[in-house]
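Structural overview for review
The chain contents come next:
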Amino acid sequence: MTLRFGVIGTGAIGREHIKRISNKLAGGKIVAVTDVNQASAQDAVKSFELDAVVYPNDLALLAADNVDAVLVTSWGPAHEASVLAAIEAGKFVFVEKPLATTAEGCMRIVEAEMKHGKRLVQVGFMRRYDSGYVQLKEAIKNNFIGEPLMIRAAHRNPEVGENYTTDMAIHDTLIHEIDVLHWLVNDDYQTVQVAYPKKSKHAHENLKDPQIVTLETKGGIVITAEINVNCKYGYDIQCEVIGEEGIVSLPEFQSISFRKNAMFGTHVLMDWKDRFIDAYDKELQDFMDSIKKTGEPNGPTSWDGYIAQVTADAAIKAQDSGEKETITLQEKPVFYSKPTEAVNA
Ligand code: NAP
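Residues numbered from 1 in each chain as written. Predicted model: local features only at pLDDT ≥ 70, side-chain atom pairs only at ≥ 80, totals over all residues. Heavy atoms only, no water.

1. With respect to the overall build of the protein chain
Note the cut-off: Per the convention used, a helix needs a DSSP run of H or I reaching at least four residues, while a strand needs a run of E reaching at least two, with both numbered from the N terminus. The globule rule is 2.2 Å times the number of residues to the power 0.38, and the radius of gyration it is compared with is taken over C-alpha atoms. For each residue, the accessible area found with a 1.4 Å probe, counting protein chains only, is set against the maximum for its type, and the residue is called buried under 20%, exposed over 50%, and partly exposed in between. Note on contacts: a residue pair is in contact if any heavy atoms of the two residues lie within 4.5 Å. Accessible surface area values rest on a Shrake-Rupley calculation with a 1.4 Å probe, where residue burial reflects the displayed protein chains alone. Charged residues are defined here as Lys and Arg on the positive side and Asp and Glu on the negative side; His and the ends of the chain fall outside this count. Charged groups are reduced to one reference atom each: NZ for lysine, CZ for arginine, CG for aspartic acid, CD for glutamic acid.
When you go through the protein chain residue by residue, the secondary structure sums to 10 helices and 15 strands. Expected size for 345 residues packed as a compact globule is a radius of gyration near 20 Å; at 20 Å, the protein chain falls within 12% of this value. Expressed as lengths along the three principal axes of its C-alpha atoms, the size of the protein chain is roughly 55 × 55 × 40 Å. Residues classed as buried in the protein chain amount to 55% of the 345 residues present. Of all intrachain contacts in the protein chain linking residues separated by at least 6 positions in sequence, the fraction that spans at least 24 positions is 72%. Accessible surface, the protein chain as shown: approximately 15900 Å² in total, 51% of it carbon and sulfur. Positive and negative side-chain charges of the protein chain, numbering 36 and 49 respectively, have mean locations separated by a distance of 4 Å.

2. As for the UniProt feature "domain: Gfo/Idh/MocA-like oxidoreductase N-terminal" (unreviewed entry) in the protein chain
We count it as follows: UniProt positions are given in the numbering used here, feature names are shortened, and annotations may be inferred rather than shown by experiment.
UniProt's entry tags residues 3-125 with the feature "domain: Gfo/Idh/MocA-like oxidoreductase N-terminal" (unreviewed entry), counted in the numbering of this structure. The span residues 3-125 is 41% helix and 21% strand, and its two end C-alpha atoms sit 21 Å from each other.

3. Overview of the packing of aromatic side chains
Inclusion rule: Ring pairs shown here join Phe, Tyr and Trp side chains whose ring centres sit within 6.5 Å, with only the six-membered ring taken for Trp; geometry is labelled stacked below 30 degrees between planes, edge-to-face above 60, and tilted in between. Both a distance and an angle decide whether a charge sits over a ring: NZ of Lys or CZ of Arg must be within 6 Å of the ring centre and within 35 degrees of the ring normal.
Going through the model one piece at a time under the given rule, you end up with six aromatic pairs. Measuring from ring centre to ring centre gives 6.1 Å for Phe5 and Phe287, while their planes differ by 35°; the resulting arrangement is tilted. Here Phe287 lies in helix H9 (residues 277-294) and Phe5 lies in strand E1 (residues 3-8), a separation of 282 residues in the sequence. Each member of the pair Phe5 and Phe287 is classed as buried. Cluster of aromatic residues (ring-pair linked, three or more members): Trp303, Tyr306, Phe335 and Tyr336. Above the plane of the ring of Trp183 lies Lys137, whose end atom (NZ or CZ) is 4.9 Å from the centre. The lysine or arginine in question, Lys273, covers the ring of Trp272, its NZ or CZ lying 5.1 Å from the ring centre.

Structure (structure tokens):
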């Protein structure tokens, strides 16, 4: 069975996903596209030689009988409406983060999905499919380092544009750490605090960079996450879990090492798309495979999208207050209690 996709949003990541579904992965086909920018949708069909219809908007696309699933890859504020409409239409949804831009919006999606009665939605938190994070999770689960006590994480980008704001460090950048780190240790967050070290001379006038975010889990694990989006030297994701019996760390990016001009070294990636390319492939392959196998997606849930949004909102509050802010989650519904694992990782 081929899963027939409609794509809502043909910008940068929408096109990446169109390419991987059309050329690389098994079991999917793009049959419909839309974008507020209709010329972009037309261009995507032409550029990727798709046998697909261009629809004027998401509702028209969702009404098409031959669309089984949608990729919601438009800009964040448009996600909630498209996801709710897709659930209403009974279509499977793969939505890029954020699930919705408010916790209330995420809850509306959670409630709509529960009312529908089975899972339809997977959120694009692809790090759960990265082999490095999967190995860390296995090590923790197998008690290799005993009880985790602390995590040190870093999210470094070479540079950002003038339109990148201080709060985007949370909503757009830290959001991936927020999702993957509580999944790693299977513990919920309790508090968050943000500190600002000395400002980088490379950060533009209105941007506070770097930032240090401290998260505490209910079980007492303390996580310090450095966000440093003008680090210049590369795109670098670090994660070290310190346990009672030892430490496990994310593997470095695989590259040749070199000896040249009196130096010994290795390469550092510059582009986030390259660092997680396998994880993007695996998350979409898992979305398709699990729907075919079980009738439901298996990856990060709407509830995970809700946790990320509540945590990000508390972190934004902490950016302004400088205080330790409480993260208050509603009780997890039984509907979402089945553990989600990256089966294909
Ligand atoms: P982008 O290049 O700006 O693409 C967004 C596209 O959606 C644009 O073509 C935009 O049109 C269109 N759009 C805006 N409002 C729309 C609406 N109401 N209905 C349909 N289309 C609409 O952005 P992007 O980098 O692809 O990001 C898209 C989403 O993916 C964002 O939510 C982002 O956070 C997420 N993302 C996730 C990752 C990840 O690592 N998982 C990486 C990158 C992006 P215009 O150009 O006319 O505005």
